[in-house]
Amino acid sequence: MIRKVDLEKISLQEITKNIKDQHVNFAVSDVNNHCLRIAVFSGEYKWHYHSNSDELFMVLEGELLIDFEDKDTIVLKPNDTLLIPAGTVHRTRAKQRTVNLCFENKNADTIMIDK
């Protein structure tokens with residue numbers, strides 16, 4: 001059986017250009033059992049991990065710093081990617097506005113850690 005699908009072109013730049021809030025994160029598309037999320041933010045996100053999903057970051061604009069509990073901070077610039085394995089404690093930060101994509105399981109859990 002052939003599945004009929006509506007095709008929709010999405011401009012990532014267009015959907016993020018007017019976002020001025022400090023932290024906005026939302027799903028853009030679902031792909032099988034994964035989703036593509038986009039985040040626009042500055043400042044720090046809390047320390048956390050995902051027990052049931054790897055997380056792939058890709059920076060579109062700005063500079064994303066990813067801190068780790070037991071490794072050096074990794075700095076991502078536009079067109080850089082980084083895969084964070086499930087169970088890895090981390091936090092994201094940005095000194096100024098950054099736009100990044102995150103690919104993860106649709107059912108990814110987020111377990112916050114007090115630090």
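Our structure's up above, just so we're on the same page.
Treat the numbers as computed from the prediction; the structure is a model and nothing was measured.

Caption draft 1: Molecular detail of the overall build of the protein chain. What the protein chain contains, in helices and strands, is one helix and nine strands. Its helices and strands in sequence order give the protein chain the pattern α-β-β-β-β-β-β-β-β-β, from N to C terminus. The C-alpha atoms of the protein chain give 15 Å as radius of gyration, which agrees with the globular expectation for 115 residues (13 Å, within 12%). Dimensions along the principal axes, computed over C-alpha positions, put the protein chain at roughly 50 × 30 × 20 Å. For the protein chain, the proportion of its 115 residues judged to be buried stands at 34%. Sequence-distant contacts, at least 24 apart, represent 65% of the contacts inside the protein chain between residues at least 6 apart. A total of about 7700 Å² of accessible surface is found on the protein chain, and carbon and sulfur atoms cover 48% of it. For the protein chain, the centre of its 15 positive side-chain charges and the centre of its 18 negative side-chain charges are spaced 5 Å apart.

Caption draft 2: Spotlight on the side chain of Asn100. With respect to the helices and strands, Asn100 occurs in strand β8 (residues 90-105). Apart from residues lying up to four places away in sequence, Asn100 is in contact with Arg37, Ile38, Ala39, Phe41, Phe57, Met58, Val59, Leu60 and Leu64.

Caption draft 3: Examining the state of the cysteines more closely. Tallying each qualifying case throughout the model produces zero disulfides. For the unlinked cysteine Cys35, the closest cysteine sulfur is that of Cys102, found at 7.2 Å. Residue classification places Cys35 among the buried positions, given a relative accessible area of 7%.

Caption draft 4: Main features of the pattern of salt bridges. By the definition in use, this model includes eight salt bridges. One salt bridge in this structure joins Asp67 and Arg91, with 2.7 Å as the shortest N-O distance. Taken as a pair, Asp67 in strand β5 (residues 64-68) and Arg91 in strand β8 lie far apart in primary sequence, 24 residues in all. Residue Asp67 is joined to Arg93 by a salt bridge in which the shortest nitrogen-to-oxygen separation is 2.5 Å. On the criterion of sequence distance, the pair formed by Asp67 in strand β5 and Arg93 in strand β8 is long-range, its members being 26 residues apart. Of the two residues, Asp67 and Arg93, both sit in the buried class. Salt bridges linked by common partners bring Glu44, Asp67, Arg91 and Arg93 together as one network.

Caption draft 5: Up close: the layout of surface pockets. In this structure, the largest pocket encloses a volume near 290 Å³. Taken together, 19 residues form the lining of the largest pocket, with Asn25, Tyr45, His48, His50 and Glu55 sitting closest to its centre. Sorting the residues of the lining of the largest pocket by element identifies β1 (23-31), β2 (34-44), β4 (55-61) and β8 as the ones contributing at least two each. In terms of residue count, β8 provides more of the lining of the largest pocket than any other element does, six residues in total.

Caption draft 6: Broad picture of the pairing of β2. Sheet topology note: the β1/β2 ladder contains eight bridges and is antiparallel. Within β2, the residue paired with Val24 across the bridge is Val40. Connecting the antiparallel pair β1 and β2 is a turn made up of two residues, with Asn32 showing a positive phi of about 55°. The pairing of β2 with β8 spans ten bridges and is classified as antiparallel. Following the sheet pairing, Arg37 is matched in β8 by Cys102.

The rules behind each value
- Residues numbered from 1 in each chain as written.
- Predicted model: local features only at pLDDT ≥ 70, side-chain atom pairs only at ≥ 80, totals over all residues.
- Heavy atoms only, no water.
- Helix = DSSP H or I, 4+ residues; strand = E, 2+ residues; numbered from the N terminus.
- Rg over C-alpha atoms; globule rule 2.2 N^0.38 Å.
- Buried < 20%, exposed > 50% of the residue type's maximum accessible area, 1.4 Å probe, protein only.
- Contact = heavy atoms within 4.5 Å.
- Areas by Shrake-Rupley, 256 points an atom, 1.4 Å probe, with all protein chains shown as cover.
- Lys, Arg positive; Asp, Glu negative; His and termini not counted.
- Charge placed at Lys NZ, Arg CZ, Asp CG, Glu CD.
- Disulfide = S-S within 2.5 Å.
- Salt bridge = Lys/Arg side-chain N within 4 Å of Asp/Glu carboxyl O.
- 1 Å grid on protein atoms, 1.4 Å probe; cavity = no way out; pocket = protein on both sides within 12 Å on 5 of 7 lines; lining within 4 Å.
- Points joined across faces, edges and corners; volume = space filled by probe spheres on them.
- Pairing = 2+ DSSP bridges.

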